[in-house]
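The lines below spell out each chain.
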Amino acid sequence: MDDPTIVGLLWQRAESALEALSKRFGKRLMGIAVNILGVRQDAEESVNDTYLAVWNTVPPKKPDPLAGYVYATGRNISLDRLKYNTAGKRYGKYDLSLDELEKAIPGPALEETVEARELGLAINRFLAAQNEDNRALFLRRYWFGDSIQEIADDFDLRENTVCVRLGRIRMRLREHLIKEGYMDE
């Protein structure tokens, strides 16, 4: 079932919309949640909470594209659950991918100096200038939270190659953010 049809079902409040969401987005949503939370039971709850959140927000919203809206909602719900579950402790796999980005993106002073949305737009401009493979590597690692091994397997690359390429992408991102004035050298 295509996205406009699913959105139409959500607007009609048809229960079949939830089944359609699950069939269309369930596998990737579960992958995102497991990558962030590390615990399958928490991930399942997060995915179900995502379906409920989408149900409750469509209508009035008419997300286009639906996939981005569903995945972003699921990611945010999983991150909220992770914060709740860990309450100040370092957690694991997802923290590792965020640690890698620490030197490329401004830290806590970010909220004082620039809105997160503006930084997101700067990162989007950076990603738009990257080739398709580098953009996919970046998103798989830092948006979806996939492990280096998973990315290497899917791209038919060695893990070391993935690490080196991600390191170079982070270095270029840092240079881009310095050039745009979001951080100091």
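In what follows, the accompanying structure is described. Bear in mind that the values here come from a model prediction, so they are computed numbers and not experimental data. Sequence order as written defines residue numbering, which begins from 1 separately in each chain. Only residues with pLDDT of 70 or above have their local features reported here, since the model is predicted, and side-chain atom pairs are shown and tallied only from 80 upward, although totals for entire chains, interfaces and linings are computed over all residues. Only hydrogens and water are set aside when side-chain values are computed; all heavy atoms of the structure are taken into account.

1. Some points on the side chain of D146
Strands here mean DSSP runs of E at least two residues long; helices mean DSSP runs of H or I at least four residues long; both are numbered from the N terminus. The residue D146 is located in the loop between α8 (132–142) and α9 (148–155) in this model. Of note is the side chain of D146, whose polar atom sits 2.3 Å from the side chain of R140. D146 has contacts with R28, N35, R140, R141 and I151, leaving out every residue within four places of it along the chain. Throughout this description, a polar contact denotes any pair of N or O atoms lying within 3.5 Å of each other; where both atoms belong to protein, one of them has to be capable of donating a hydrogen while the other can accept it, and for residues adjacent in sequence the pair is counted only when both atoms sit in side chains. Residues are treated as being in contact if the distance between any of their heavy atoms lies within 4.5 Å.

2. A closer look at the packing of helix α2 (residues 16–37) against helix α4 (residues 66–86)
With their axes 9 Å apart at the nearest point, α2 and α4 run at an angle of 35° to one another. In the crossing of α2 with α4, the sense of the turn from one axis to the other is right-handed. Residues L21, R24, F25, R28, L29, I32, A33, I36 and L37 of α2 pack against L66, A67, V70, Y71, G74, R75, S78, L79, R81, L82 and N85 of α4. Within the contact of α2 with α4, the residues separate by chemical class into 13 nonpolar, 3 polar and 4 charged. Every angle, taken between N-to-C directions, lies between 0 and 180 degrees, and every axis is a line fitted to C-alpha atoms, over only the stretch in contact when it is a helix. Here a crossing is taken to be left-handed if its near helix is turned anticlockwise relative to the far helix by less than a right angle, and right-handed if that turn runs clockwise. Put simply, Ala, Val, Leu, Ile, Met, Phe, Trp, Tyr, Cys and Pro go in the nonpolar bin, Asp, Glu, Lys and Arg in the charged bin, and everything else, Gly too, in the polar bin.

3. Quick notes on helix α1 (residues 3–12)
When α1 is considered as a whole, its buried residues turn out to be D3, I6, V7, L9 and L10. The buried residues of α1 all sit within an arc of 160° when viewed along its axis, so they share a single face. Residues of α1 that are exposed and point more than 90 degrees away from the buried face comprise P4 and Q12. Each element contacted by the buried residues of α1 is listed here: α2, α3 (40–57) and α4. Positive backbone phi, at 65°, marks R13, one or two positions downstream of α1. In this scheme, a residue with accessible area under 20% of its type's maximum is buried, one over 50% is exposed, and one in between is partly exposed, where area comes from a 1.4 Å probe on protein chains only. Our arc is simply the arc of the directions from the helix axis toward the C-beta atoms.

4. Considerations on the nonpolar core
Core analysis: the largest hydrophobic core is formed by 28 residues, its most contacted members being L10, L21 and F25. Looking at this core, the elements with two or more residues in it are α1, α2, α3 and α4. Broken down by element, this core gets its largest block of residues, 10 residues, from α2. The residues touching L10, leaving out its near neighbours within four places in the chain, are A17, L21, V54, W55, V58 and P59. As used here, the term nonpolar core means buried Ala, Val, Leu, Ile, Met, Phe, Trp, Tyr and Cys residues forming a set that is joined through side-chain atoms within 4.5 Å. Counting 18 residues, the second-largest nonpolar core is a separate cluster that includes L137, I148, Y182 and M183.

5. Brief notes about a negative patch on the surface
A residue counts toward a patch only above 30% relative accessible area and without a salt bridge, and it is joined to like-charged neighbours within 9 Å or, for Val, Leu, Ile, Met, Phe, Trp and Tyr, to nonpolar neighbours within 5 Å. In these tables, accessible area is a Shrake-Rupley quantity obtained with a 1.4 Å probe, and a residue counts as shielded only by the protein chains included in the view. Salt bridge, as used here: a side-chain nitrogen of Lys or Arg that lies within 4 Å of a carboxyl oxygen of Asp or Glu. Under the convention used here, Asp and Glu are negative, Lys and Arg are positive, and both His and the chain ends fall outside the count. A charge is said to be at NZ when it belongs to Lys, at CZ for Arg, at CG for Asp and at CD for Glu. On the surface, a cluster of negative charge is contributed by E150, D153, D156 and E159. You can see D156 is positioned in the loop between α9 and α10 (159–179). For D156, a relative accessible area of 70% corresponds to the exposed category.

6. A closer look at the environment of V162
Residue placement: V162 occurs in helix α10. Measuring from C-alpha to C-alpha, the distance between V162 and F138 comes to 10.0 Å, with 24 residues separating the pair along the chain. Other than its neighbours up to four places away in sequence, V162 contacts L137, I148, I151, A152 and L157.

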